[in-house]
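Summary of structural features
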Amino acid sequence: MTLDADSTIAVVGMAGRFASVRGLDALWRAMNSENDLLTRYPALPDGRVPAYGVMPDADAFDASFFAITDDEALILDPQHRVLLECAWEALEHAGHDPAVFDGHIGVYAGVSESGHLLELFLRRRRLGLRHDQLHAASDVAELTGRIAYLLGLTGPALGVQAACASSGVSIHLACQALLAGDCDMALAGGASVHVPHETDISGSAGSISADGHHRALDARGDGIVMANGAGLVVLKRLSDAIADGDTVHALVRGSAVHNDGSRKPDYTSLSVDGVSDTISAACQVADVDPATIGYAELGSGFRGLGDLELAGMRRVFLPRDAALPSCRVGSLKALIGYTDAAGGVLALILVILALRHERLPATIGLAEVNPGLGVERNPFTVGRTVDAWPRTSTPRRAGISNWGHGGNNTYLVIEEAPTSTPHTPATGPQLFPVSARTPEALCEYRDAVAAAAATTSPHDLAWTLQIGRRAFEHRACVVHPAGIVVTGEERRELGFVYDDLDATALAAARHRYDRDSAFASRVDACAAVCPIDPRPALRGDATDPDALRYTSIAVAYALTGWWNDLGVTPTRVAGTYAPVLAAVRGDRPLSEAVAAAESGSTSTLAGVSVDPGPVARRDRLWIALTSSAPDAVSCLGLDESTPLVAVASVWVAGHEIRWEATHETPARRVPAPTYPFQRRAYRLPEPDEATPSSVAEPRSTAVPIANPPRTDVRPRWLLSRRQDPAARQRLYCFPHSGGAAGEYMAWSDPLPGTEVWAVQLPGRGSRFSESHLTSVDDIVKAMIAEVDFQPPYTLFGHSFGALLAFEVARGLAAAGRPAPERLILSACGAPETLDIRDTPLYMLDDDAFVSEMERLYGTMPSEIRDDPDVRALALPSLRSDMRAAEDYRFVDGNPLSTPIVALGGRDDYEDEPKLAAWARHTRAAFSSRMFAGGHFYFRDRPDDFFAELARLLADPS
């Protein structure tokens, strides 16, 4: 049967946390051992042995990675913390960065009732918690919403509560959402994490194991052992996974969710009819014969439930072709314990590992099969050891049962991944870019990646790290297999050096001209407009000095074009032949650029600083295009690693690379080391001191507090992803009309060392319920009254935000408050240049308003144009800001004593003369710079913009 790739779901990534071990490979190694992963404690006086599946670091969390404060992390349910880290790991395992994924990513997950809400309630006074904070820190609905918010996921984010079937139901719902088109990728799973975990089993006989072993299927089995566990899988439509070059770990051929209703002995029991109905439905959806399922992961394994489950399964699995092998049944719980809401997804992860290794899982510790289960009657068998999984005429398949209290029956039909098309990875040197939030994480990450190169295709590993990982401020790049490691600690401005070819560079240019068709094509194009053919020197022929000069020009043009293909352009140049940059950027014809280069004229390089030579500075990186300048990194060399070292140097200096342009042959996303979280423990303090119910407040506030509430919380006007009291500079960003804080908060990543605060105006984002302010004067007065701008700081404003930043600076000066070190005003002319329209834009009807806004500022998101609901949410903020801007009338006064920098896009109607008019509003220095692009130029070429912004913030002069 041919698979329909559009209606088949692929598992492309996964992450899990289990008892005692760390990582997926460690879990599979444990499955191949003879010992479980449970922790047993000293026996009680009655002989019973407490036990628990203890998860390493269950109470620990890398809060700073997610820009979560210590106080927020402290009160957050450990299940939420663990699953948040799993979400990031699973997406990295899949090789996808949600920030650049082209589509909607959903998240479906459930958690256990851990008692965390009660623990917070008992400490609410000590921690100073409000009622809404209690629920936000522990509610399952907040779990998926927080994951979506912190990871930037735009698909459905649904908390699923189906008792122990929660993660299985989550997977089913995620599959349905993918097939319905609700999202293009989905995270699905669940967690059950108790901190501290419960080991007191006194009075619990009859349900909890007496000897500390979870003896599933065993005649000695008398109860379960509770355990912490968490897991998420990443799901996509198979067609999309193939198109994106994903590693497909397995297929979810079909799934079903039913409820027993009243067809069972009691509320917590199973129904034979319910089990058989659910399995039959899942197999029908999968369009597979149940007889082709070779392994079945049981939801239970004890008398009272397991016998009912197996009876229901037998109805579906029989009759069975005698030629087919028996179906092995087993239970992961014997290895890791009973993980409640995480059981379904962890069983799926185990099955995927078994399919990858082509081995049938064992039921750990199984000595004598419980005869009451009837587990060894046709068509089932059990396995005490991990054995080979025989291949038959159909793909290997497994079934996973996930039953929940209340009667929710879930069944998944899983199939091994289809045979992929032949793939021959490229050979030759590769770049492994690695980045992290902290230096310690970077070192750990780099070592893990270097080790992975020994077992993974270097080409595929490089591709995965390049396009499937977020770039953070601490960076290193490994040139493989040379072992060269390029490191850097801060963002550096980029400059190109254009000198005459020296002997080494000329030899390297010859080598490249013979082997690189794109390079040769650009040299040939340059030769067509040169008065002297530059190519003989590249063919090894003798040539005169004049011809060598044109050879240098042609090589400089070809290499500048190569860098441009990589998405890299300099903001500073040095050397005679720099005018070729203008031709590559499309600012002037190639013939004119060659003539200018020949004469040494750099007057036409708009927006680029021209230096007489490469001056070595810590905050500047020079790339030598045609020579080996002493203070520059060369990108020409006979060693194949030389250009890669140059690319690595640029990336490590904080500039983004268009990695697709570095690969000539297709590569695949493969599992690679994931981010090494730098966790620290978060444990709640002791409960509040007991007080009589009639007393509203505790008797004393002088109780020691392990993690006291913060007293430096910023006002509602400001939001930040990462706070750094030791920051060299603070940047306060005022958004454009209709804008919210989110876009500007993200600037903390490309601006390390700067504490970025985004202004959140009323009526949007976290202040959605507040009324809009429709006057610049009202906004400015409120901000000056409520916001304490902490020196040293810079004010940045874009478009309408530039007006606000300017007026706030004037208000602070009038109030005698500390002034900003500089005022950066973007895409907004000085007040006297503002247009006054006969009919203000904010008074137009919706269609006319949207049309005119698009004409002036560029295309709006299609949702605002086409979706009435989205339009109804977005337009009020946009109208209120436009009203404030259009009703604004400048009142002249004394110029500021703060330096002003004006930035803009060359294609914007707020042109250079309008920006230059800001000069009269300061007694201090004034400068301006124009970038390629329109009103939102910084979205078009973010690399150039952030390089300039970093330079301004680092150099107050």
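Parameters at a glance
Residues numbered from 1 in each chain as written. Predicted model: local features only at pLDDT ≥ 70, side-chain atom pairs only at ≥ 80, totals over all residues. Heavy atoms only, no water. Buried < 20%, exposed > 50% of the residue type's maximum accessible area, 1.4 Å probe, protein only. Helix = DSSP H or I, 4+ residues; strand = E, 2+ residues; numbered from the N terminus. Pairing = 2+ DSSP bridges. Axes fitted to C-alpha atoms, helices over the stretch in contact; angles between N-to-C directions. Contact = heavy atoms within 4.5 Å. Polar contact = N/O pair within 3.5 Å; in protein donor to acceptor, adjacent residues only side chain to side chain. Expected span 1.5 Å × (residues − 1). Salt bridge = Lys/Arg side-chain N within 4 Å of Asp/Glu carboxyl O. pLDDT = per-residue confidence, 0-100.

Looking now at the pairing of strand β15 (residues 397-403). Where burial is concerned, most of β15 is hidden: 7 out of the 7 residues are buried. A two-sided burial pattern is seen for β15, the buried positions comprising Arg 397, Gly 399, Ser 401 and Trp 403 on one face and Ala 398, Ile 400 and Asn 402 on the other. Across 3 bridges, the pairing between strand β10 (residues 295-297) and β15 is parallel. Within the sheet, the bridge partner assigned to Tyr 295 lies in β15 and is Ala 398. As paired strands, β15 and strand β16 (residues 408-416) are joined by 7 bridges and run antiparallel to one another. Within β16, the residue paired with Trp 403 across the bridge is Asn 409. Counted along the chain from β15 to the antiparallel partner β16, the turn is 4 residues long, and its residue Gly 406 has a positive phi close to 100°.

This part covers the sheet that holds strand β5 (residues 105-111). Spatially, the 11 strands line up as an open sheet ordered β6-β5-β7-β8-β1-β9-β16-β15-β10-β11-β13, and their pairing is mixed. The outermost strands of the open sheet, each flanked by one partner alone, are β6 (157-159) and β13 (380-382). Strand after strand, the sheet turns through a mean of 25° between neighbouring axes, direction not considered. Running over the sheet, helix α10 (residues 272-286) touches β9 (250-259), β15 and β16 and is turned about 145° from β9.

Counting buried residues in strand β28 (residues 754-759) gives 6 out of 6 residues, a clear majority hidden from the surface. Neither face of β28 is exposed, since Thr 754, Val 756 and Ala 758 on one face and Glu 755, Trp 757 and Val 759 on the opposite face are all buried. Summarising the sheet, strand β27 (residues 729-734) and β28 pair through 5 bridges and their orientation is parallel. By the bridge assignment for β28, Tyr 732 is matched with Trp 757.

Positionally, Ser 166 belongs in helix α8 (residues 166-180). Among the polar contacts made by the side chain of Ser 166, one reaches the main-chain carbonyl oxygen of Ala 163 at a distance of 2.7 Å. Residues contacting Ser 166, with those up to four places away along its chain left out, are Gly 110, Val 160, Gln 161, Ala 341 and Asn 402.

This part is about α10. With 15 residues, α10 extends 21 Å between its outermost C-alpha atoms, agreeing within 8% with the 21 Å of an ideal straight helix rising 1.5 Å per residue. For α10, the complete set of buried residues consists of Val 272, Gly 274, Val 275, Ser 276, Thr 278, Ile 279, Ala 281, Ala 282, Cys 283 and Ala 286. On its buried side, α10 packs onto β9, α11 (306-317), β15 and β16. At the N-terminal boundary of α10, the capping side chain belongs to Ser 271, with an oxygen 3.2 Å from the backbone nitrogen of Asp 273.

All right, on to the pattern of salt bridges then. Scanning the model with the defined rule gives 59 salt bridges in all. Between Arg 22 and Asp 57 there is a salt bridge, with the nearest N and O atoms lying 2.9 Å from each other. Here Asp 57 lies in the loop between β3 (51-52) and β4 (60-61) and Arg 22 lies in the loop between β1 (9-17) and α1 (24-31), a separation of 35 residues in the sequence. According to the relative accessible area criterion, Arg 22 is exposed, its value standing at 53%. The shortest N-O distance in the salt bridge between Asp 944 and Arg 941 comes to 4.0 Å. Residues joined in a network through salt bridges with shared partners are Arg 17, Arg 22, Asp 57, Glu 85 and Arg 679.

With that out of the way, let us pick up the confidence of the model for the chain. This prediction gives the chain a mean pLDDT of 88; 93% of its residues lie at or above 70. Note on residues 690-715: pLDDT is under 50 here. Beyond four places in sequence and across chains, it has 30 contacts.

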